[in-house]
Amino acid sequence: SQANFEEDSQKQAAVGHWKTLMPSNGSKEEPETGCQDAGGVDETRSTEQLNVSRLRSSSVEIREKGSEFLKEELHKAQKELKLKDKECERLSKVREQLEQELEELTASLFEEAHKMVREANTKQAASEKQLREARGKIDMLQAEVTALKTLVITSTPSSPNRELHPQLQSPSKAVFRKGHGRNKSTSSAMVSAASQNVTPEPVTHECKEVDSILFAEFQAWKESPTLDKSCSFLDRIYREDVGPCLDFTKQELSELVRVAVEQNTLTIEPVASQTLPVVKVSAEECGGPKKCALSGLPRTCKHRIMLGDSGNYYYISPSCRARITAVCNFFTYIRYIQQGLVRQDVELMYWEVMRLRREMSLAKLGFYPSEM
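What counts as what
- Residues numbered from 1 in each chain as written.
- Predicted model: local features only at pLDDT ≥ 70, side-chain atom pairs only at ≥ 80, totals over all residues.
- Heavy atoms only, no water.
- Patch = residues over 30% accessible without salt bridge, like charges linked within 9 Å, V, L, I, M, F, W, Y side chains within 5 Å.
- Areas by Shrake-Rupley, 256 points an atom, 1.4 Å probe, with all protein chains shown as cover.
- Salt bridge = Lys/Arg side-chain N within 4 Å of Asp/Glu carboxyl O.
- Lys, Arg positive; Asp, Glu negative; His and termini not counted.
- Charge placed at Lys NZ, Arg CZ, Asp CG, Glu CD.
- Helix = DSSP H or I, 4+ residues; strand = E, 2+ residues; numbered from the N terminus.
- Buried < 20%, exposed > 50% of the residue type's maximum accessible area, 1.4 Å probe, protein only.
- Pairing = 2+ DSSP bridges.
- Axes fitted to C-alpha atoms, helices over the stretch in contact; angles between N-to-C directions.
- Contact = heavy atoms within 4.5 Å.
- Disulfide = S-S within 2.5 Å.
- Core = buried A, V, L, I, M, F, W, Y, C linked by side-chain atoms within 4.5 Å.

Visitor: Where do I start with a negative patch on the surface in this structure?
Guide: Side chains of Glu-61, Glu-64, Glu-68, Glu-72, Glu-73 and Glu-80 sit close together on the surface and give a patch of like negative charge. Looking at the element boundaries, Glu-72 is found in helix H2 (residues 30-153). The class of Glu-72 is partly exposed, set by a relative accessible area of 48%.

Okay, structure coming up:
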């Protein structure tokens, strides 16, 4: 910029010099013109020097101001950088804090979820246990209701049930039945009361001896009672008593009866005079008042059975009813043992089981009470 100013000043000086050298109109005025020209040159030179010095001072001021401006801008930029660094540090700390809080929150959520799952599993196990206990109680009550219903509905004025009317029994029979009521609490109470009022007659006591193998099997089953027929105790009874006792001529119906007895869903009721519901099976399969559905033989059928909730009734003869009832009594008693309802000595329970097995053996051989 300074060089440009110097060039401009030189051009201006050159222009003034040429003006002084231009010829005038008269020759007389030439000396004065020359003097004037010399003075003008000096003035021009001083002006040029003044201009140059001014330009130099202005350029120096510009430089100084420019440097000061740049320093200020640099200082501002440094301040902004420091502020941005501080902001970055603050944001990084905030991010680290948020990440830590997120990890803690995630861990707490997982811990809470596991805790809820454990509590839910515990509650589910408790509910399932209560459900099993409730079902066991329901089975017990159903068995009691079925037994009591069988006792009540089979007692009529023309043919009274001797279980409900122990005064009709012979003294020897009353003494023998004492203490064997099992689940029939009402019947047991009546029999006990009647036995106290009747004078017992001398009776011949039968001799009995515990079989070591059978007693060992029963003891092993009693330690952990179950209805699974794979255990040695129930497997023997199924083979020797339950299977033969429920083996009727009609094999298919016999299998259905066995399953219903095991599941405690079989119903026995006397034949009523009212109209029976229409069934979807043939008359031969259902039998009739004069034909047994299980044996297929012409017999007078005083009772009929229903398997579960099917609504189909099957007429059965007294002999078949005695066989089914004997098996039902056995299953009722072992269910009571399994549910912890029998509070007796192991040997007494064993002999009760043996008595029930004897009833099944007699029933499968065709022996049954006359009131059947």
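Past the structure itself, the notes keep going.
Visitor: I tried to follow the sheet that holds strand S2 (residues 303-307) on my own but got confused; where do I start?
Guide: Note: strands within a sheet are paired through backbone hydrogen bonds, in either parallel or antiparallel orientation. Within the open sheet, the 3 strands sit side by side as S1-S2-S3. Their pairing is antiparallel. Strands with a single pairing partner mark the edges of an open sheet, and in this sheet they are strand S1 (266-270) and strand S3 (313-316). Within the sheet, the average angular offset between the axes of one strand and its neighbour, ignoring direction, is 30 degrees. Sheet topology note: the S2/S3 ladder contains 4 bridges and is antiparallel. From the neighbouring strand, His-303 faces S3, where its bridge partner is Ile-316. Most of the contacts of helix H7 (residues 251-262) go to S2, to which it runs at about 75 degrees, and overall it touches S1, S2 and S3.

Visitor: It is not clear to me how the state of the cysteines should be interpreted in this structure. Could you clarify?
Guide: Two cysteines joined by a covalent bond between their sulfur atoms form a disulfide. By the definition in use, this model includes 0 disulfides. No disulfide involves Cys-301; its sulfur sits 5.2 Å from the nearest other cysteine sulfur, which is in Cys-292.

Visitor: Even after reading the chapter, I still don't get the nonpolar core, so can you show me in this structure?
Guide: Here is a general trend for soluble globular proteins: nonpolar side chains tend to be buried in one another's company. Counting residues in hydrophobic clusters, the biggest one holds 49 residues, and the most contacted among them are Val-242, Val-257, Leu-266, Leu-294, Ile-305, Ile-324 and Phe-330. In terms of residue count, the dominant contributor to this core is helix H9 (residues 318-338) (10 residues). Sequence-distant contacts of Val-242, that is, excluding residues within four places in its chain, are made with Ile-237, Val-327, Phe-330, Phe-331 and Met-360.

Visitor: Where do I start with the environment of Glu-223 in this structure?
Guide: Note that Glu-223 resides in helix H5 (residues 212-223). We classify Glu-223 as exposed; its relative accessible area is 70%. The spatial distance from the C-alpha of Glu-223 to the C-alpha of Gln-338 is 9.8 Å, given a sequence separation of 115 residues.

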